[in-house]
Amino acid sequence: MNEVEFKSFIKKVPKAEIHIHIEAVIKLASVKKLYEQCNGKAMSDDELNEIFSYNDLNGFIQAFLKVQNLLVSVDDFNLIFDDLKEYLLENGISYCEAFFAPTAFLKKGFKYEDMVKIFKKKIAEIKKETGIVIKLIMDVSRTFGLENAMNNYKLLKEYPCEDIIGIGLGGAESKGAAKDYAPVFKLAESEGYKVVAHAGEDVGPESIWDAINLCHAQRIGHGITAIQDEKLMQKLTESKLPVEVCITSNTFTKKVVKEAKDHPIREFFDRGMLVTVNTDDPVFFKSDLLNEYWICHSQLNFTMDEIKQLVINSFEATYLAADEKAAWISKVEEAFKS
């Protein structure tokens, strides 16, 4: 099966994506539109290229913040969700749990409650128009410290929304140890929220251990440095704690692997770990979910049966109810029979 045939087939298969940031699905045309709106002049190609030029994780985070900075009012989130809808449709994604990071916008003077109103409206519109279900996870962000993370969580509680199901820990891992954020994660978990954490992306396996043992993370974002710790891989295999793998993103950071063909997802899968395939930040890493599955098939030698299992894993790792997971998995099985 060639690339075009593979992607055409996989697009028709129901899929879940559980590690993606909403601002990172923005289309380049939308970046230009926001820039002109913000600066009163057209954006040059050089200016566009400058934003998307970086060679490490910290550089990428700075680029991410630059894109966030182009949003000047809560109404601009309408554009973000319109682009998210197109991304989900283009990749045949039926269910999505996506991160949103409020801190930069709160610092700009946006009101959290106004953001939530837009999120709720757009998520309802997308479901009505396409049938796609979106849930959000607040990235409390290690970039801005524990006090800021706790303040974000307090806003989540103060303005509850059924579309926002929990908190996550993103940002520059090397500048904010997971263990430093244990207080907010323990509190959120005790009050019934879902808790997930980026860990083992740019720091060794100790970050993953801390995310599990101290933050009680229910899923691990990236988790690639687990390959350096046999006991950790055994724990992840036995516990079936989901790992949200983002191959192109992980290859970009070059912390563990420099080429997709060497990505540890292959060993993780063979060991029986519950690994899922995700994009992280499509526009920033110039990939999408169909391409990530193609990488698995073409460079990491996943058979079509194994691709099917990866797709099933994507639903198993969600926060959907058990009967909803089973219904989607049944649809995946049917799609692979056709």
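Predicted model only: the values in this text are computed from it and were never measured. (Residues numbered from 1 in each chain as written. Predicted model: local features only at pLDDT ≥ 70, side-chain atom pairs only at ≥ 80, totals over all residues. Heavy atoms only, no water.)

Draft legend 1. Structural view of the overall build of the chain. Assigned secondary structure in the chain consists of 17 helices and eight strands. Judged by the C-alpha coordinates and their principal axes, the chain covers about 50 × 45 × 40 Å. In the chain, buried positions account for 59% of the 338 residues. Here the analysis covers contacts within the chain between residues at least 6 apart in sequence; of these, 75% occur between residues at least 24 apart. Accessible surface, the chain as shown: approximately 13,800 Å² in total, 49% of it carbon and sulfur. (Helix = DSSP H or I, 4+ residues; strand = E, 2+ residues; numbered from the N terminus. Buried < 20%, exposed > 50% of the residue type's maximum accessible area, 1.4 Å probe, protein only. Contact = heavy atoms within 4.5 Å. Areas by Shrake-Rupley, 256 points an atom, 1.4 Å probe, with all protein chains shown as cover.)

Draft legend 2. Region of the structure containing the packing of aromatic side chains. All told, the structure shown has 21 aromatic pairs when counted by the stated rule. With a centroid separation of 5.6 Å and 80° between ring planes, the pair formed by Tyr54 and Phe252 is classed as edge-to-face. Taken as a pair, Tyr54 in the loop between helix H3 (45-51) and helix H4 (57-69) and Phe252 in helix H12 (residues 247-253) lie far apart in primary sequence, 198 residues in all. There is no split in this pair, since Tyr54 and Phe252 are both buried. (Phe/Tyr/Trp six-rings, centres within 6.5 Å; stacked < 30°, edge-to-face > 60°.)

Draft legend 3. Broad picture of the pattern of salt bridges. Scanning all chains against the criterion turns up 18 salt bridges. The salt bridge involving Glu90 is made with Lys27; its shortest N-O contact spans 3.3 Å. With a gap of 63 residues between them, Glu90 in helix H5 (residues 77-90) and Lys27 in the loop between strand S1 (15-17) and helix H2 (28-39) connect regions that are remote in the sequence. Residue classification places Lys27 among the partly exposed positions, given a relative accessible area of 30%. Bridged by salt links that share partners, the residues Asp82, Lys121, Lys122 and Glu125 form one connected network. (Salt bridge = Lys/Arg side-chain N within 4 Å of Asp/Glu carboxyl O.)

Draft legend 4. Quick look at the nonpolar core. Within the largest apolar cluster, 116 residues are counted, with the highest numbers of intra-cluster contacts made by Leu136, Ile167, Phe284 and Ile307. Leave out the neighbours within four places in its chain, and Leu136 touches Ile22, Phe81, Ala98, Phe100, Phe119, Ile123, Asp163, Ile164, Ile165 and Gly166. (Core = buried A, V, L, I, M, F, W, Y, C linked by side-chain atoms within 4.5 Å.)

Draft legend 5. View of the sheet that holds strand S8 (residues 275-277). With parallel pairing, eight strands are arranged side by side in an open sheet as S1-S2-S3-S4-S5-S6-S7-S8. Two strands bound the open sheet, and with one partner strand each, they are S1 and S8. Between one strand axis and the next, the sheet turns through 25° on average, direction left out of account. Bridge analysis of strand S3 (residues 133-139) against strand S4 (residues 164-169) gives four bridges, and the strand direction is parallel. Looking at S4, one finds that Met138 is bridged to Ile167. (Pairing = 2+ DSSP bridges. Axes fitted to C-alpha atoms, helices over the stretch in contact; angles between N-to-C directions.)

Draft legend 6. Examining the environment of Asn151 more closely. Topologically, Asn151 is positioned in helix H8 (residues 146-158). C-alpha of Asn151 to C-alpha of Asn2: the two residues are 149 residues apart in sequence and 49 Å apart in space.

Draft legend 7. Seen up close, the side chain of Glu201. Considering the arrangement of structural elements, one finds Glu201 in the loop between strand S5 (194-199) and helix H10 (205-213). Notably, Glu201 is buried but unbridged: the nearest opposite-charge side chain belongs to Arg142, and the N-O separation is 6.3 Å. Here the side chain of Glu201 touches His222 through a polar contact of 3.4 Å, side chain to side chain. Not counting residues up to four positions away in its chain, the partners in contact with Glu201 are Leu57, Glu173, His222, Ile224, Ser249, Thr253, Lys255 and Asp280. (Lys, Arg positive; Asp, Glu negative; His and termini not counted. Polar contact = N/O pair within 3.5 Å; in protein donor to acceptor, adjacent residues only side chain to side chain.)

Draft legend 8. Looking closely at the pairing of S3. In terms of burial, S3 is largely enclosed, as five of its seven residues are buried. Where strand S2 (residues 93-100) and S3 come together, six bridges link them in parallel fashion. Bridging from a neighbouring strand, Ala98 pairs with Leu136 of S3. In this view, the connection linking S3 to its parallel neighbour S4 by way of H8 has right-handed handedness. (Right-handed = clockwise from strand over helix to strand, strands pointing away.)

Draft legend 9. Fine view of the environment of His21. Tracing the backbone through its elements, the reader meets His21 in the loop between S1 and H2. Exposure remark for His21: the relative accessible area of 8% places this residue in the buried category. Spatially, the C-alpha atom of His21 lies 5.6 Å from that of Ala98, the residues being 77 residues apart in sequence. Sequence-distant contacts of His21, defined by excluding residues within four places in its chain, comprise Phe64, Phe99, Asp139, His198, Asp280 and Asp281. Of note is the side chain of His21, whose polar atom sits 3.3 Å from the side chain of His198.

Draft legend 10. Expanded view of unusual backbone geometry. The phi torsion at His216 lies on the positive side, around 55°, for a residue other than glycine. Residue placement: His216 occurs in the loop between H10 and strand S6 (220-222). One non-glycine residue, His222, lies in positive phi territory at about 80°. Position of His222 relative to the elements: it lies in strand S6.

Draft legend 11. Examining the packing of helix H15 (residues 289-298) against helix H16 (residues 304-316) more closely. Running from N to C, H15 and H16 cross one another at 145°; their axes reach a closest spacing of 10 Å. Here H15 runs over H16; the crossing is right-handed. Residues Tyr293, Cys296 and His297 of H15 form the contact with H16, whose own contacting residues are Met304, Ile307, Leu310, Val311 and Ser314. The residue makeup of the contact of H15 with H16, split by class, is six nonpolar, two polar and no charged. (Left-handed = near helix turned anticlockwise from the far one by under 90°. Nonpolar A, V, L, I, M, F, W, Y, C, P; charged D, E, K, R; others polar.)

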